[in-house]
Each structure stands twice: as C-alpha cells, then as structure tokens.
Amino acid sequence: MRDFRLKVFTEEQQRFAYPNFWDFLALSFILAVFVLIAWGAKQMALPYQVGERLPLSLSPHYLPQYALRTFLRMNIALLFSLLFTFIFASWAAKSRRAEQIIIPLIDVMQSLPVIGMLSIAIVGFIKLFPGSLLGPECAAIFAIFTAQVWNMALSFYQSLRTVPAELIEATQMFHLSAWQRFWRVEVPFAVPGLLWNMMMSMSASWFFLTVAESVTVSHQTITLPGLGSYIGLAILKADLHAVFYVILTMIVMILVYDQLFFRPLISWAEKFRVEQETTVTHSFSLLIFILKKTRLIPRIGVLWANITDRIINISIFRKTRNKENNFYKTKKNSHDYLWQAFIVFLLLSSLSILAWFIFTTLSLQQLLHVVFLGAITGLRVLVVLIVASIIWVPIGVWIGLRPKVAEFAQPIVQLLASFPANLLFPVVVLLIVRFNLNVQIWVTPLMLLGTQWYILFNVIAGASAIPKDLKLAIDNIGVRGSLWWRKFILPGIFPYYVTGAITAAGGAWNTSIVAEVASWGKTTLEATGLGAYITQYSRQGNFPFIVLGMSVMCFYVLLLNRLVWRKLYKLAINRYSLEG
C-alpha cells in the first residue's frame, strides 16, 4: 500500500519535477538557520577560564547576537526536555514501580529553586569542560531545562494514563505491539496537551533567564551573553531605554518563534485530536504558506513518512506483550511489597544523610527559622493558586471550547506568559516606595505573574480535548448554569487542571527566589520568605545554607503533594478521565 501511494504521488508530481522559487526560498532559509546555529555553537565553545570577565554591553546593536545565544540555549534545553519526557514519563505511566520513584522525583525537582540547582551543578559542568565556555553554557542550559521539563513530563504522563478505553481496545484488536501502540495511539493522543505545555515551558524559560545566564561559582559571577543577562544588567543600571529595547527584541523573537515553530506544530497536531471540529480554520503561518508553495519539500516529506513508518513497524519490537494500562487496579504481590520497602529504605537513608549534613553544620534554631520562612512562602503560594484559579479557569474554558478563539488567543497568551516579571520590578519597586506599601504583600503579584500560566494553558488544553459529541449532547439536553459547570466542564477539565495546579504550585515555590527579592538600580526590596533566604545565600555561595533552604522547600512541596495533589491526581485519572 505504501509503494502504491508513493507511485501515485510520483506520477502526479511528474510535471513538477524541477524546484521553483519557493523551494529556493525555503532551502535558503534552512541554510541560513544552519549557519546561525553553527556560529552560535562556535561561540559557546570558546576557550574560557573561571574568573575571566565576559563582555556584556547594553548597546542595542548587540541584541541580535544575544538573542541568538539565548535562542540556542532554550532550544537545546527543549530538546532534552522532550527526550526526558518521552523516556521517563512513559516509563512512569506504564510501570507501577517506576511511577513510585519517577513521579515523586519530579515533585521534588520541580520545587527545587533554579538558582540553588545552578549553584550546585555549575562546579560539575566546569570540571567536565575545563578551560572552555561549554562548562558555564551547559550549566545555563541545565537551568533552563529544569524550568521547562517538569510540566511537560507531568502532562505527558497524565495523557498516557487517560487514553480512552476504545483506543486501547483498537490496538488490541489490530495486535499492535507496545512500540506501535506508543507511536500510533498514545503519542498522538498526548500531542495536543503536550504542545500547550511546551509553549508554557518556553514561557517559563523566559522568566528564569536572568538566573540561568548569570552563574556564580567560587564567589565569582559568570555572566553569559544573552537576553537574560542583558535584562539583569539593565535592571542593575536602572536603564529604561535598555529595558525597552530588550522588550521589543523579546516580542519579535516570540512572534518569530510562533510563526516558524508553534503555529506549524498546532496545525499538525489538529489531526491527532480524538474529536475534530469540522469548522476549524487555521490561522496564517508564514512557514506553512511557503512549504505549501514548494515542490521538493512535499517529496522529502513523503520520503520521511516512509522512513518513520519502517521505524515504527520494525519487527524487533513486535513480540512485546500488549497489556491494558491498568496498574492502579491490579492487586499487589510480594514483589510489590519488597519494592515499596526498598523505596522506604532508600528514602530514609537519603533523609538520614541529609539530616546528618545539616545538623553537623547548622543549629536546630537555624532549621526552625528556615521552616518558619517556608511557611510564609507557602502561604503566598496558596494565595497565588487560589487567585490564579478564580481568574483563569473560566477564561481558559471559554477559550478552549472555541477553536477559532483558541487559535487567535494562542500567540497572545504565549506572549503574555513569556513576558519576564523581572521587567515589572521597576514598576513594583517604585510603587511600593512611592506609596509606602507592605513589601510582604505586594511581592506576591510577581509570583502570580510567573505561575498563573500553568493553569491557563492546561485548562485550555483540557477544554479543547472534550469530545464534540459530548458537547452536542449537553447542548441538546439544555444543561446550563452551575449544573453545566459541576457536571460537565469541571469533571471534563479536572485531570488537566490538576496537572496545571501541581506544576503551578511547584513553579510558585521556584518563582519565590525571584519574586521575594525585587530590585531596581540601587533600591532592593526583600520580603521575608524562603525564596529570599535561598537567593541571599546563593549569592554568597554558602553551600550548607543553600542545601538547608532547598531541603525545607522540598519538604513542604512533598508534604502538600502527598496529602493533596497526588490524591486529586488519582481521582482525576480513575474517575474523571475519558477512559473512565
């Protein structure tokens, strides 16, 4: 069948055997992209010694170069995030034992402050690449990776756990192997939600760029050329013109990224929806417009499709046993109890080592003080989640139920989510000083700016995934008002909302390291909280205090996840998924 399709395609395209103007345009663009990537990669591998000062200027002429360096770091981090998501999220979704380790680890890692992880990881990367700028560059990429990956992994895990039963039955009826089922059914089902979370991940990257591109090691700060370090220098020097230039550059970058990357992906992902709207119209994408005009690119696409078909249908994986993904419903055996005992032993051993390290270095009074600071930051996180849910759940539902609105709103939401709250610090600082406001209260909106988008993006994805026939049935019955919300919308978006709330909570804890210390020029306002504590000692390079702050933050996040979020997650999977 594949050979027949290829033969027909060849005969139909016989009169289009030669490339046209659009082919040359597309190939020139691809060549230019490769040249820029090669130049940027060369800059990232220059010789470098710790203590050497890297030049950084606020002149707008350097912004294109800084934008390219930042663009490469963010995309490399995104590739590693996708690789991590496909491997570990899939493993957790298909194995109870892997799930018992991977998901708690994700809970821990998403709560670890980027600045704290960067302070610890930078030493290892510099030793891995001695005498090269690759060490600090890899540390920056690692920091961006930690800001991107966790919500993508949780979204993919949640999608794999909620694949509709009829799709699973179809794979069993056609005797698909586990490898074929993964690429033919599970990945396509997860693509729409994963795509929205990829956009959220890129937006989160912008928020933490000022931290990722300014690396501290041995009481020395390595400032890598990039938009994040440019923002940090502009804030330090209170240069409003530089702030305006970098905002304009970011807007251009986000719009270009939307046209060349996200809009083509959204258009491609439409075919993977369980239910498709017949009235969906795709908004304009320059890349899609050019590709449709070409003659050679479609032929390359057919060749690529044939190659991927052969990889997916490779015989070496066909003997893999295909079982229904129901490990939450199976009974535990002796091996499961031994596995859980091993996990408990591993956890207790890790906690014992950590406690020994902390108590031999710090006092009990210092520990209690940090626990108190964590409670204050936790209160801010709770306020942020409540306010974000009240505001963005109705808006996300309204957008997600209207495909045309979703296409129009997607770049706007992405632009708003990508806007670094750091650039609002001047406004916040000036307002607090001018009106003598309480800094303990008015730094909280900065945390909201950095985390509210996790909820919005996931609610939009959840409302978009509600089957069309179910929407029509509800409309025909005439369900309205509070009953419509309680019996239809909230159950429909609940799995996605829980995913967004978990990542928003972890992101809020992480954002506190930036939000609780707001500065503009020589004016610095510091709120009481765990984020400010970690920021303070990260700048000093005080390793024991950094570990203490990160450990207390992990304790709070794990406690809330075990008591609240995981129970809601299982409820979402077992009761409110499409499978249920």
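Summarised in this report is the structure supplied together with it.

Cut-off values and rules
Residues numbered from 1 in each chain as written. Predicted model: local features only at pLDDT ≥ 70, side-chain atom pairs only at ≥ 80, totals over all residues. Heavy atoms only, no water. Helix = DSSP H or I, 4+ residues; strand = E, 2+ residues; numbered from the N terminus. Buried < 20%, exposed > 50% of the residue type's maximum accessible area, 1.4 Å probe, protein only. Areas by Shrake-Rupley, 256 points an atom, 1.4 Å probe, with all protein chains shown as cover. Salt bridge = Lys/Arg side-chain N within 4 Å of Asp/Glu carboxyl O. Phe/Tyr/Trp six-rings, centres within 6.5 Å; stacked < 30°, edge-to-face > 60°. Axes fitted to C-alpha atoms, helices over the stretch in contact; angles between N-to-C directions. Parallel < 35°, antiparallel > 145°, perpendicular 65-115°, else oblique. Left-handed = near helix turned anticlockwise from the far one by under 90°. Nonpolar A, V, L, I, M, F, W, Y, C, P; charged D, E, K, R; others polar. Contact = heavy atoms within 4.5 Å. Patch = residues over 30% accessible without salt bridge, like charges linked within 9 Å, V, L, I, M, F, W, Y side chains within 5 Å. Pairing = 2+ DSSP bridges.

This part covers the overall build of the protein chain. Within the protein chain, the secondary structure is distributed over 23 helices and four strands. A buried classification covers 49% of the 580 residues belonging to the protein chain. Of the accessible surface of the protein chain, which amounts to about 28,700 Å², a share of 69% is contributed by carbon and sulfur atoms.

Overall, the coordinates contain six salt bridges when judged by the stated rule. Two residues, Arg380 and Glu516, come together in a salt bridge whose shortest N-O distance is 2.9 Å. With a gap of 136 residues between them, Arg380 in helix H15 (residues 364-400) and Glu516 in the loop between helix H21 (481-515) and strand E3 (517-520) connect regions that are remote in the sequence. The exposure class assigned to Arg380 is buried, which follows from its relative accessible area of 6%. Overall, Glu516 belongs to the buried group, its relative accessible area being 0%. One connected set of salt bridges, linked through shared partners, spans Arg69, Arg73, Glu137 and Glu213.

Scanning the model with the defined rule gives 26 aromatic pairs in all. A centroid spacing of 5.7 Å and a plane angle of 85° characterise the contact between Trp22 and Phe289, whose relative ring orientation is edge-to-face. Of this pair, Trp22 sits in helix H2 (residues 21-44) while Phe289 is found in helix H12 (residues 286-293), placing the two residues 267 residues apart along the sequence. For Phe289, a relative accessible area of 36% puts it in the partly exposed group. Centroid distance Phe182 to Trp183: 5.0 Å. Interplanar angle 80°. Geometry classified as edge-to-face. Judged by relative accessible area, which is 10%, Phe182 ranks as buried. Using a relative accessible area of 32% as the deciding quantity, one classes Trp183 as partly exposed. Chaining the aromatic ring pairs together yields one cluster made of Phe84, Phe88, Trp91, Phe125, Phe142, Phe145 and Trp150.

Turning our eyes to something else, we now look at the packing of helix H6 (residues 134-161) against helix H8 (residues 178-207). Contact pair H6 / H8: the axes reach a minimum separation of 8 Å and the direction vectors enclose 150°. Taken as axis vectors, H6 and H8 run roughly antiparallel relative to one another. In the packing of H6 onto H8, the handedness of the crossing is right-handed. Here the residues of the contact of H6 with H8 sort into 14 nonpolar, eight polar and one charged.

Along the chain, Asn561 falls in helix H23 (residues 543-575). Using a relative accessible area of 3% as the deciding quantity, one classes Asn561 as buried. Once the C-alpha coordinates of Asn561 and Val108 are considered, the two residues, 453 residues apart in sequence, prove to be 9.6 Å apart. Residues in contact with Asn561, not counting those within four places in the same chain, are Asp107, Gln110 and Arg566.

On the surface, a nonpolar cluster with roughly 670 Å² of combined accessible area is contributed by Leu379, Leu382, Val383, Ile386, Val387, Ile390, Ile391 and Ile395. Mapped onto the fold, Ile391 is located in helix H15. You can call Ile391 partly exposed: its relative accessible area is 38%.

Once that is clear, we can look at unusual backbone geometry. You will see that Asn436, though not glycine, has its phi angle at about 55°, which is positive. Counting through the fold element by element, Asn436 comes out in the loop between helix H17 (425-435) and helix H18 (439-442).

Moving on, we get to the pairing of E3. Across the two faces of E3 the burial is the same, with Val517 and Ser519 and Ala518 and Trp520 all buried. Two strands pair when backbone bridges link them, and E3 and strand E4 (residues 523-526) are joined in this way by four bridges, in the antiparallel orientation. Residue pairing in the sheet places Trp520 in a bridge with Thr523 of E4.

Closest axis-to-axis distance for the helix H3 (residues 63-94)/helix H10 (residues 227-236) pair is 8 Å, and the angle between their directions is 125°. As the angle between them shows, H3 and H10 are arranged oblique. Along the contact surface, H3 presents Leu63, Tyr66, Ala67 and Thr70, while H10 presents Leu227, Gly228 and Tyr230. Taken together, the residues of the contact of H3 with H10 break down into five nonpolar, two polar and no charged.

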